[in-house]
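For reference, the chains in residue letters:
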Amino acid sequence: MIEKTLSIIKPDVTRRNLTGKVNAMIESDGFRVVAQKRIKLTLKQAEKFYEVHANKPFYKDLCEFLSSESVVVQILEKENAIADYRRLMGATNPSNADKGTIRSEFAISIDQNSVHGSDSPEAAANEIAFFFSGIEIVG
Ligand code: ADP
Ligand code: MG
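In this text, all values refer to a predicted model and were calculated from it rather than measured experimentally.

About the criteria used
Residues numbered from 1 in each chain as written. Chains lettered and ligands numbered in written order. Predicted model: local features only at pLDDT ≥ 70, side-chain atom pairs only at ≥ 80, totals over all residues. Heavy atoms only, no water. Phe/Tyr/Trp six-rings, centres within 6.5 Å; stacked < 30°, edge-to-face > 60°. Helix = DSSP H or I, 4+ residues; strand = E, 2+ residues; numbered from the N terminus. Buried < 20%, exposed > 50% of the residue type's maximum accessible area, 1.4 Å probe, protein only. 1 Å grid on protein atoms, 1.4 Å probe; cavity = no way out; pocket = protein on both sides within 12 Å on 5 of 7 lines; lining within 4 Å. Points joined across faces, edges and corners; volume = space filled by probe spheres on them. Near = heavy atom within 4 Å. Polar contact = N/O pair within 3.5 Å; in protein donor to acceptor, adjacent residues only side chain to side chain. Sits in = over half its atoms within 2 Å of the grid points. Nonpolar A, V, L, I, M, F, W, Y, C, P; charged D, E, K, R; others polar.

### Looking at the packing of aromatic side chains
Link 1 in the chain: Under the criterion given, the structure shown has five aromatic pairs.
Link 2 in the chain: Plain terms: the ring middles of phenylalanine 49 and phenylalanine 131 are 5.4 Å apart, the flat faces sit at 45 degrees to each other, and that makes the pair tilted. Here phenylalanine 131 lies in helix H7 (residues 121–131) and phenylalanine 49 lies in helix H3 (residues 43–49), a separation of 82 residues in the sequence.
Link 3 in the chain: A residue is classified by how much of its surface remains accessible, and phenylalanine 49, at 9% relative accessible area, is buried.

Here it is, written out as structure tokens:
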């Protein structure tokens, strides 16, 4: 089934001017970038986006990091996009990420791990609606 997933290229990547390199891995893995924008989140917006993690010890640092520099939010489309993008991202902790994954190539640490990807169809729908209106999604 063709699916859409929400990806965020995080501040450790935008800061180091590596956005294009991450996008090259995404496109060469068969994903179509059907919407994309570079934005700077406020702390409040980052807190809202990551509210599922509100009770975790790393929540404050996570939200401060996500709002520290610009991010690129994008919708990726492909057969099985949600699971396949999780695989291309690699493990949350880059020291456990398989070779050839985005996090293995670019992540600095578990905090600064380069990309976010939706983890379920429900999360994908919610996260896409959080950042994009229908008119911004092309194909
Ligand atoms: P993922 O981004 O792989 O879906 P989670 O949704 O579990 O991972 O966590 C969201 C983000 O919070 C992670 O990408 C990571 O940057 C951060 N994070 C997760 N677990 C930890 C941890 N134990 N210590 C510090 N940061 C963490
Ligand atoms: Mg997650």
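### Thoughts on the layout of surface pockets
Picture a little ball the size of a water molecule; that probe, rolled over the atoms, points out where space is still empty.
Link 1 in the chain: For the largest pocket, the calculated volume is near 710 Å³.
Link 2 in the chain: Lining the largest pocket are 26 residues, with Tyr50, Val52, His53, Leu62 and His116 sitting closest to its centre.
Link 3 in the chain: Among the secondary structure elements, those contributing two or more residues to the lining of the largest pocket are H3, helix H4 (59–66), helix H5 (81–89), strand S4 (115–117) and H7.
Link 4 in the chain: Considering every element that reaches the lining of the largest pocket, the biggest residue donor is H7, with four residues.

### Regarding the site of ligand 1
Link 1 in the chain: Taken together, Lys10, His53, Phe58, Leu62, Arg86, Thr92, Arg103, Ile110, Asp111 and Asn113 make up all the residues around ligand 1.
Link 2 in the chain: Contact between ligand 1 and lysine 10: an oxygen atom at 3.1 Å from a side-chain N or O atom of the residue.
Link 3 in the chain: Asparagine 113 places a polar side-chain atom, nitrogen or oxygen, 2.9 Å from an oxygen atom of ligand 1.
Link 4 in the chain: In this structure the site holding ligand 1 corresponds to the largest pocket.
Link 5 in the chain: Classifying every residue of the shell around ligand 1 by side-chain character gives three nonpolar, three polar and four charged.

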